[in-house]
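# Secondary and tertiary structure notes
Here's the letter readout for the chains.
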Amino acid sequence: MVTCFLIGLTIPWIIPLGPLNLSVYRLVLLAALLPCLLSWVRGELGFKLQDVALFLYSIWAAVALFAAHDSSAATQTSGIFFIETMGAYLLARRYIRNAADFRGMIFVVTMVVLALSPFAIYEWITGHKPILSTLRMIFPTVDVTMMTPRWGFWRVQGPFSHSIEFGLFCTSILALTHLAWGHGCNSASRWLLTAGVAGTAFLSMSSAPISCLFLQVVLMAYTAILWRNNSKWMILWSIILVGFLAAQLGSNQGAVKFFISHFTFDPQTGWYRVAIWDFGSESVVNHPWLGIGLADWQRPRWMPSDSVDNFWLLTAMRYGIPALVPLMGSFILTIVAVTCAKSADRTVEICRVAYVICMVTFLFVGTTVHFAHAIYSWFIFAWGSGVWLMDTELPKLARTAESNLPTRDRLLPRGNARQQSRAWN
């Protein structure tokens, strides 16, 4: 089921089913939703605060949609939203429960990215879109997006709606591939896979994914240097806090605007994103509780596009602050909880580092990109795939008669320790 979902993310078909337009990954989530929900309700997956918060987020978003639109449109939209949110999250929670499951998932998505790379290189050079042009002969696909070339090459759209989505999908697995799957592989295979993923992501020629590549490289280098330091995550959060305060106090834009405006190739794009933040925030202030749904947001006439390149901001604009709080709060709580858990298993610890780096990447890139459709489901699925890391802990010595033996005897095999104990008695 997980494999079908991961492959389905990269199949751009839009399959009409009654009044709905379903994609392959949505069909997989729809088929898995009821079994996953039953497993969660029965307590088979364990109950986490994050589970409840994400469920409440989905319900509040539905309430906001019904408040802004007619019942027919709201029913269809909220239904798809619930499938893409709780369906993707619970699919990961049900089927990814340990390091072996986690690494297997990473292997599949890495192979998917590498399978896309030949088509991406062809599109990068020629501008032709072989995946979309071929698959649309069977079913309708997402629209073709032609953008101005950068540095003499075309920005690769791949099977997604935009080159940014293609780049984000590929770049989000860099740390997962290099650390979690690369652990245990020989050095040549590890670096070859990492280079393949990074190179494919670069073909999007988009500032947000490429910035995320560098962010993940920096975080991987940081964790490698401080691997044995138990306070590495506290130090990292302290560095982030200091950087945020420095940008907030040292820039006339503030921290959020500084980050949004500087992580772009085109200064005009950065300036436009600042304008989106200003007028989008105004929309949140004017509609704080239920948002505006999918309606157009108020902005000056010189801003023709209604797109909002900020996932966290658009969530508050569409569904209100009560939707953003459980979503963003539980997401950050998951990152913190995973960093606080410990395990004696080195593989688990490497998976933990890879997962945290991936989630931190989503946290920051969400301020410059909107997660929609397949990328949104991938984000939610990736989030749920690491919740099992919260439950790992260091083994504790059992309080038995054997634990009261002299320290030197604990180093003996179990049988020898017992024999020695009986001999002393």
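A brief structural summary.

Parameters at a glance
Positions within a chain are numbered from 1, following the residues in the order the chain's sequence is written. In keeping with the model being predicted, local features are shown solely for residues with a pLDDT of at least 70 and side-chain atom pairs are shown and tallied solely at 80 or more, while totals for entire chains, interfaces and linings include all residues. Side-chain descriptors were evaluated using all non-hydrogen atoms of the structure, hydrogens and water having been removed beforehand. Secondary structure follows DSSP: runs of H or I at least 4 residues long count as helices, runs of E at least 2 residues long count as strands, and numbering of each begins at the N terminus. Within these notes, the globule rule equals 2.2 Å times the number of residues to the 0.38 power, and the radius of gyration is based on C-alpha atoms. Buried, partly exposed and exposed residues are distinguished by accessible area as a fraction of the type maximum, computed with a 1.4 Å probe on protein chains only: under 20%, between the cut-offs, and over 50%, respectively. Two residues form a contact once any of their heavy atoms are found within 4.5 Å. Each accessible area is a Shrake-Rupley result for a 1.4 Å probe, and residues are judged covered by the shown protein chains and nothing else. We treat Lys and Arg as the positive residues and Asp and Glu as the negative residues; His and chain ends play no part in the count. Charge coordinates come from a single atom per side chain, which is NZ of Lys, CZ of Arg, CG of Asp or CD of Glu. Note on method: axes are straight lines fitted to C-alpha atoms, helices fitted across the in-contact stretch only, with angles between N-to-C directions ranging 0 to 180 degrees. Orientation labels follow simple angle bins: below 35 degrees gives roughly parallel, above 145 gives roughly antiparallel, 65 to 115 gives roughly perpendicular, and whatever is left gives oblique. Throughout, a crossing is termed right-handed when the near helix is turned clockwise from the far one, and left-handed when it is turned anticlockwise from it by less than a right angle. Ten residue types, Ala, Val, Leu, Ile, Met, Phe, Trp, Tyr, Cys and Pro, are classed as nonpolar, four, Asp, Glu, Lys and Arg, as charged, and the remainder, Gly among them, as polar. We call Phe, Tyr and Trp rings a pair once their centres come within 6.5 Å, taking the six-membered ring for Trp, and we label the pair stacked below 30 degrees between planes, edge-to-face above 60, and tilted otherwise. Distance and angle both matter: a charge sits over a ring if NZ of Lys or CZ of Arg is within 6 Å of the ring centre and within 35 degrees of the ring normal. Working definition of a nonpolar core: buried Ala, Val, Leu, Ile, Met, Phe, Trp, Tyr and Cys residues. They are joined through side-chain atoms within 4.5 Å. The rule for a salt bridge is simple: a side-chain nitrogen of Lys or Arg has to be within 4 Å of a carboxyl oxygen of Asp or Glu. Two cysteine sulfurs form what is called a disulfide whenever their separation falls within 2.5 Å. Note that patches include only residues with greater than 30% relative accessible area and no salt bridge, and the join distances are 9 Å for like charges and 5 Å for nonpolar side chains (Val, Leu, Ile, Met, Phe, Trp, Tyr). Only protein atoms enter the 1 Å grid used here. Points where a 1.4 Å probe fits but cannot escape make up a cavity, open sets with protein on both sides within 12 Å along at least five of seven lines make up a pocket, and a residue lines them when an atom lies within 4 Å of a point. Grid points are joined across faces, edges and corners, and a volume is the space filled by probe spheres set on the points.

### So, the overall build of the chain
Scanning the chain from N- to C-terminus turns up 19 helices and 2 strands. On C-alpha atoms alone, the chain measures out to a radius of gyration of 24 Å, which is about the 22 Å that the 2.2 N^0.38 rule sets for 425 residues. For the chain, with 425 residues in total, the buried portion stands at 50%. Across the chain, the fraction of contacts at a sequence separation of at least 24, relative to all contacts at a separation of at least 6, is 71%. Only carbon and sulfur atoms are counted for the fraction: they give 65% of the accessible area of the chain, which is about 20,000 Å². Counting 29 positive and 20 negative side-chain charges, the chain places the averaged centre of each group 10 Å from the other.

### What to know about the packing of helix 15 (residues 321–340) against helix 16 (residues 346–365)
In the contact formed by helix 15 and helix 16, the axes pass within 10 Å of each other and the chain directions differ by 155°. Judged on the interaxial angle alone, helix 16 and helix 15 are roughly antiparallel. Judged by the sense of rotation from one axis to the other, the crossing of helix 15 with helix 16 is left-handed. Side by side, helix 15 and helix 16 meet where Met 328, Phe 331, Ile 332, Thr 334, Ile 335, Val 338 and Thr 339 of the first sit next to Arg 352, Tyr 355, Val 356, Met 359, Val 360, Phe 362 and Leu 363 of the second. Here the residues of the contact of helix 15 with helix 16 are counted per class, giving 11 nonpolar, 2 polar and 1 charged.

### Examining the packing of aromatic side chains
Under the counting rule described, the total for this entry stands at 33 aromatic pairs. Between the aromatic rings of Trp 13 and Phe 139, the centroid separation amounts to 5.4 Å while the plane-to-plane angle is 70°, which identifies the pairing as edge-to-face. Of this pair, Trp 13 sits in the loop between helix 1 (2–8) and strand 1 (15–17) while Phe 139 sits in the loop between helix 6 (130–135) and helix 7 (163–171), placing them 126 residues apart in sequence. By relative accessible area, Trp 13 is classed as buried at 18%. Looking at Phe 139, the relative accessible area reads 30%, which means it is partly exposed. Of the aromatic side chains, those joined through ring pairs into one cluster are Tyr 57, Phe 81, Tyr 89, Phe 311, Trp 312, Tyr 319, Phe 331, Phe 362, Phe 371, Tyr 376, Phe 379 and Trp 383. Seen from the ring of Trp 227, Lys 232 lies directly overhead, with NZ or CZ sitting 5.5 Å from the centre. Over the face of the ring belonging to Trp 297 we find Arg 299, whose NZ or CZ atom lies 5.0 Å from the ring centre.

### Regarding the nonpolar core
By size, the foremost hydrophobic cluster in this structure holds 118 residues, and its most contacted members are Leu 6, Phe 102, Phe 169, Phe 371, Trp 378, Phe 381 and Trp 383. Sorting elements by how many residues they give to this core places helix 16 first, with 14 residues. Once residues lying within four places of it in the same chain are set aside, the contact partners of Leu 6 are Met 105, Val 108, Val 109, Val 112, Trp 378 and Phe 381.

### Some thoughts on the pattern of salt bridges
Applying the stated criterion across every chain, the model contains 9 salt bridges. A salt bridge links Glu 123 to Lys 129; the shortest N-O distance between them is 2.7 Å. One exposure class covers both Glu 123 and Lys 129, and it is buried. One salt bridge in this structure joins Glu 349 and Arg 352, with 2.8 Å as the shortest N-O distance.

### Digging into unusual backbone geometry
Although it is not a glycine, Met 205 sits at a positive phi angle of roughly 55°. Along the chain, the position of Met 205 falls in the loop between helix 9 (187–202) and helix 10 (207–225). When its relative accessible area of 1% is taken as the criterion, Met 205 is described as buried. One non-glycine residue with positive phi stands out, namely His 373, at about 55°. Along the chain, His 373 falls in helix 17 (residues 373–384).

### A look at the state of the cysteines
For the structure shown, the criterion picks out 0 disulfides. Here Cys 340 is not disulfide-linked; the sulfur of Cys 351 is the nearest cysteine sulfur, at 18 Å.

### Things to note about a nonpolar patch on the surface
On the surface, Ile 121, Ile 125, Trp 151, Phe 153 and Phe 202 cluster together into a nonpolar patch covering about 500 Å² of accessible area. Tracing the backbone shows Phe 202 in helix 9. Accessibility expressed as a relative area gives 33% for Phe 202, which makes it partly exposed.

### Brief notes about the layout of surface pockets
Here the second largest pocket defines a volume of roughly 1,200 Å³. Looking at the second largest pocket, it is lined by 39 residues, and the ones nearest its centre are Ile 240, Phe 244, Phe 259, Phe 364 and Thr 367. Mapped onto the lining of the second largest pocket, the elements with two or more residues apiece are helix 10, helix 11 (232–250), helix 12 (255–262), helix 13 (267–286), helix 14 (311–319), helix 15 and helix 16. Within the lining of the second largest pocket, the residues separate by chemical class into 33 nonpolar, 6 polar and no charged.

### Quick notes on empty space enclosed by the protein
A full pass over the atoms with the stated rule returns 1 cavity of 30 Å³ or more. In this model, the largest cavity occupies a volume close to 30 Å³. If you go around the largest cavity, the residues you meet are Ile 260, Arg 273, Ile 276, Trp 277, Asp 309, Asn 310 and Leu 313. For the lining of the largest cavity, the element with the most residues is helix 13, which contributes 3 residues. When the residues that make up the lining of the largest cavity are grouped by side-chain class, the tally is 4 nonpolar, 1 polar and 2 charged.

### Concerning the environment of Leu 20
For Leu 20, the position within the fold is in strand 2 (residues 20–22). Judged by relative accessible area, which is 26%, Leu 20 ranks as partly exposed. Taking the C-alpha atoms as reference points, Leu 20 and Thr 110, 90 residues apart in sequence, are found 31 Å from one another. Residues contacting Leu 20, with those up to four places away along its chain left out, are Ile 15 and Gln 76.

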